[in-house]
Amino acid sequence: MRIVLITALVLATPLPLSAREAPLRTEETRWAFETSDVPVDPDFRFGRLANGMRYVIRHNATPAGTAVVRMEVAAGSLDEQEAEQGFAHFVEHMAFNGSKRVPEGQMIPLLERDGLAFGADTNASTNFERTIYKLDLPRNDAKLLDTALMLMRETASELTISQGAIDRERGVILSEMRDRNTFGLRNSIDSTHFFYPQALYGSRFPIGTVATLNGANAANLRAFYEREYVPAHVTLVIVGDFDTAAVEAGITRHFADWTGGPAEVQPDPGPVASKDRDRTGIWIDPALSERLVIQRNGDWLDEPDSIAQRRENLLRSIGYSIVNRRLQRLSRSATPPFRGAGFGTGDVFETARSTRLIIDSVDGKWADGVTATAQEYRRALAHGFSAAEVAEQVAQLRTSMVNAAGSANTRSNAALAGIALSVVEDRVVPSTPASALERFETFAPAITPKAVLAALKREALALDRPLIRFEGRKAPEGGEQAIRASWLSAMRGPVPREADQSVKEFGYTDFGTPGTIVSDRRDPLLGIRELRFSNGVMLNLKPTELEKDRIRVSLSIDGGDMLDTRENPLATEMVGWLDKGGLGKHSRDELDTIMAGHTLGFGLGNGAASFDAETATTPRDLELQLQLLTALMTDPGYRAEGEVQYRQQVNNSFAQLRATPASAMGADLGRILSDNDPRFSLQQVDDYRHLTYGKLRDTISERLAHGAVELALVGDFDEDKAIAVVARTLAALPAREAAFRPYADQPPRTFTADRKPRVLRHTGPADQALLRLTWPTRDDSDPLDALKLQMLERVVRIELTDSLREVLGKAYSPSAGSSLSHYWKGYGTFTISASIDVADVPASREAIGKVARELRLAPVSDDVLQRARAPLLEAYQNALKGNGGWLSLVDRAQTQADRIERFTKARDRLLTITPADVQAMAQRYLDPAMGLEVLALPEGVEAPAK
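Presented here is a report on the structure given in the accompanying data block.

What counts and how
- Residues numbered from 1 in each chain as written.
- Predicted model: local features only at pLDDT ≥ 70, side-chain atom pairs only at ≥ 80, totals over all residues.
- Heavy atoms only, no water.
- Helix = DSSP H or I, 4+ residues; strand = E, 2+ residues; numbered from the N terminus.
- Expected span 1.5 Å × (residues − 1).
- Bend = angle between axes of the 7 residues up to and from the residue.
- Buried < 20%, exposed > 50% of the residue type's maximum accessible area, 1.4 Å probe, protein only.
- Pairing = 2+ DSSP bridges.
- Core = buried A, V, L, I, M, F, W, Y, C linked by side-chain atoms within 4.5 Å.
- Salt bridge = Lys/Arg side-chain N within 4 Å of Asp/Glu carboxyl O.
- Axes fitted to C-alpha atoms, helices over the stretch in contact; angles between N-to-C directions.

1. With respect to helix α27 (residues 898–912)
- Between the first and last C-alpha of α27 there are 20 Å, a value that for 15 residues agrees with the 21 Å anticipated at 1.5 Å per step.
- Of all the bends in α27, the greatest, near 50°, is centred on Ala906.
- Within the span of α27, buried status applies to Ile900, Phe903, Ala906 and Leu910.

Here it is, written out as structure tokens:
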């Protein structure tokens, strides 16, 4: 068993250094706990049918009355022969295209009628090693479970795989291939080939090739299906509010009679040469930010899950985390040597392991990054770590484990299903969070700097004579030789010890005399407690038992985008970076050390008419969380290092602005729809580069000091204690405005009257186009109209999927959306978009137009209406079974009280909507003459005639 040790920064790296990505071996059909001393969580029920198929069941009632079903097939792109590339993914698509009991095209409608939304509740994915089918059941009735089991069995063994369905689906898969052909994917493929030139998996990316996909037919696709979809390759996971014995009986009833061939061993994804060294590569793409990867490959370490191995992994993880904490500190300085850097080791499936340093630098500054990163790497290996550094990481780990143990009984179905799948995918024993915490506390005294360094050295490969790969927009001066010379130079000479980092006390614990309550009521519909303090701060409370030991926090302060003007459209642009500047008494880096061992969130976002924070904490950290947010309001740090980080991301964002059709559309659509209103238009890059914290302070300080404040708490807390904490923090501040401003002086937001088609240009592949049609609608003031437009959106999605995707095979994921403004009176939009081949623009345009015309000409069928409405009804039925749903109502319960009434009446209102109502909405808003077409095309490609 292996644990991933690559830092979050490294997630952007293309190599699959993920935990235990293992080729199938004969003994893998055993459960990991059968040979481990880690005690298994007894609430999981594990089983195996006589045919070899395995299953995992667990009763869980979070959310109550729901369940999730997952079927994993140990068949991925590594199982494909040369001529079968893409077949594993193709079979995944065929699962939705007909089986013995479900005719082609009927699986999704069948599930929609039962309340499962396509994509959100019904999905599948394929990777190198496995294919996973997913159903999220909105109800726990026996009939729906039986339907889910029937569909999984049909997928496992009864697919028809007809030639007609293959021919229709081929276009959808080719569309998916086209959409995924981005600068990021091309960089990933080249990186894989550079670091692992002989590895099989480098030529087995799951999407396949055009040639092999065009060569797929009923015979060869069925041959792959029957060879790989066998009982011993399948594990079924069901977690939810069911009787486990009844679920087990259902699995037996549906799957026990399934027979299949023997389970073939999955090919080794390698080879990876451990002696591969001294190679340097350069990859240039105008959209790529500058990055260097320094790496060595070595043998895979076979480390089955055990208590001893978990202790070893924990020590390693602390070591890597300390190095990465040091690198993070450098990136946060006022003159950082790099934008970010990371150090770690991870598995390449079960064929090798790789140790790497990753350096993300400002364009042209890669050498500075090499020098600084190499020094920290060498310093760690030469001198180890301080007791304070280890203590900080131990505090973080302890908090994580305490939180996990505290919330163990309210983990979600999806989270528990993920744990169950890890038993198969990673061969990790699922133990209880309480036992994990107990083992941690027993081991904690042995977590010393010496032990941490020794464990890191036992795994990490020495980065001598490494493989080095550069990626970026411009080749480095001096080329490969300069890169290699820079690394060699950085690895020479002495390195001093790390300077001790002193830990300060948090400087914001007293905000004045605690506030007093001037009003206290409960909402009669949902029981939300609404209080107002003497200084004007509003507090909304909803204790629940849905997430034990967890409190969700929402803070809204009057302001937001409404402070942007035509004269100063970027006035609040940097609000999202306010936290990077820390507080007046503490830098952001100091805060991370001070707050180690606490569960906190920090920062503000920019809403349409408010500055917002949404985070999660625990009952024991609630006061510290509110102290932190109060300090951010009253004493932002505005330090230079935050400005530096902001400008770095601006440069990268603009470099990628037109690299894909979607990014080009995002860059220009606001300008087009608003007739160049600067408040809704992208500005010039220099306008962003010249923003400063000083300008931001001038814009927002008055609102932070005086604007209305509404705070919401949802979750596991004592009301009286929470009120006292708020009284000592936010409510202790000077008096604030009593209400959020209407901003009536802001010029209205309008939709352009110029409806002539527009063409935008992107720099991506020559076959990629994005077609988007936008209609003006209305604001959200009428709740019934809002629901009718939401229903129209769902109906349009169904009709688009049936036409563009299934009939024409032109678009992988056509979409529709209705967006009604709450703040801009009279403003809203309805959009239809499709990512398509340039050659298919005319046909796709006509198909979309046909959908819109037919919706205007006649009411939809009762069946289509049911397919659109059922998932919405289930969503409203289940909305308050999680704290996230509660928070969406509690957050503005006083200032937007109408949302509560809307919610309570939504299901009944949905049931009143008829096909004629949907038609009326289409007639009112989807007038072809009123829609605006925007088409993103590659540079140099002539626009198709209308």
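Now that the structure has been shown, the text picks up again.
2. Focus: the pairing of strand β2 (residues 54–59)
- Most of β2 sits inside the fold, with 5 of its 6 residues counted as buried.
- For strand β1 (residues 45–48) and β2, the ladder comprises 4 bridges, and the chain directions are antiparallel. Counterpart to Arg45 in the pairing with β2 is Ile57.
- Remark: 5 residues form the turn of the hairpin made by β1 and β2, two consecutive strands paired antiparallel; Gly52 in that turn has positive phi of roughly 105°.
- Here β2 pairs with strand β6 (residues 234–240) via 6 bridges, running parallel. Residue pairing across strands places Ile57 opposite Ile238, the latter belonging to β6.

3. Section: the nonpolar core
- Phe506, Leu539, Leu555, Leu583, Leu604 and Leu713 are the most contacted members of the largest nonpolar core, which totals 71 residues.
- With 8 residues, the single largest contributor to this core is helix α17 (residues 622–634).
- Ranked by size, the runner-up nonpolar core spans 54 residues in total, among them Ala124, Tyr133, Val234 and Phe242.

4. Section: the pairing of strand β9 (residues 340–348)
- The buried fraction of β9 is high, at 9 of 9 residues.
- In the sheet, β9 pairs with strand β10 (residues 352–361) via 9 bridges, with the strands oriented antiparallel. For Asp347, the partnering residue across the bridge sits in β10 and is Arg353.
- Connecting the antiparallel pair β9 and β10 is a turn made up of 3 residues, with Phe349 showing a positive phi of about 50°.

5. Structural notes on the pattern of salt bridges
- For the structure shown, the criterion picks out 87 salt bridges.
- A salt bridge links Asp43 to Arg58, with the nearest nitrogen and oxygen atoms 3.6 Å apart. Separated by 15 residues along the polypeptide, Asp43 in the segment before β1 and Arg58 in strand β2 bring together distant segments of the chain.
- Judged by its relative accessible area of 7%, Arg58 is buried.
- Salt bridges sharing partners connect three or more residues here, namely Arg325, Arg329, Arg332, Glu376, Arg379, Glu392, Glu498, Asp579, Lys580, Arg588, Asp589 and Asp592.

6. Structural notes on the sheet that holds strand β21 (residues 815–820)
- Pairing in this open sheet of 5 strands is mixed, and the strands run β19-β23-β20-β22-β21 from one edge to the other. The sheet is open, and its two edges are formed by β19 (758–762) and β21, each paired on a single side. Across this sheet, the average inter-strand angle for adjacent strands is 20°, counted without regard to direction.
- Sheet topology places strand β20 (residues 768–776) next to strand β23 (residues 932–938); 5 bridges connect them, and they run antiparallel. Its bridge partner lying in β23, Leu770 is registered against Ala936.

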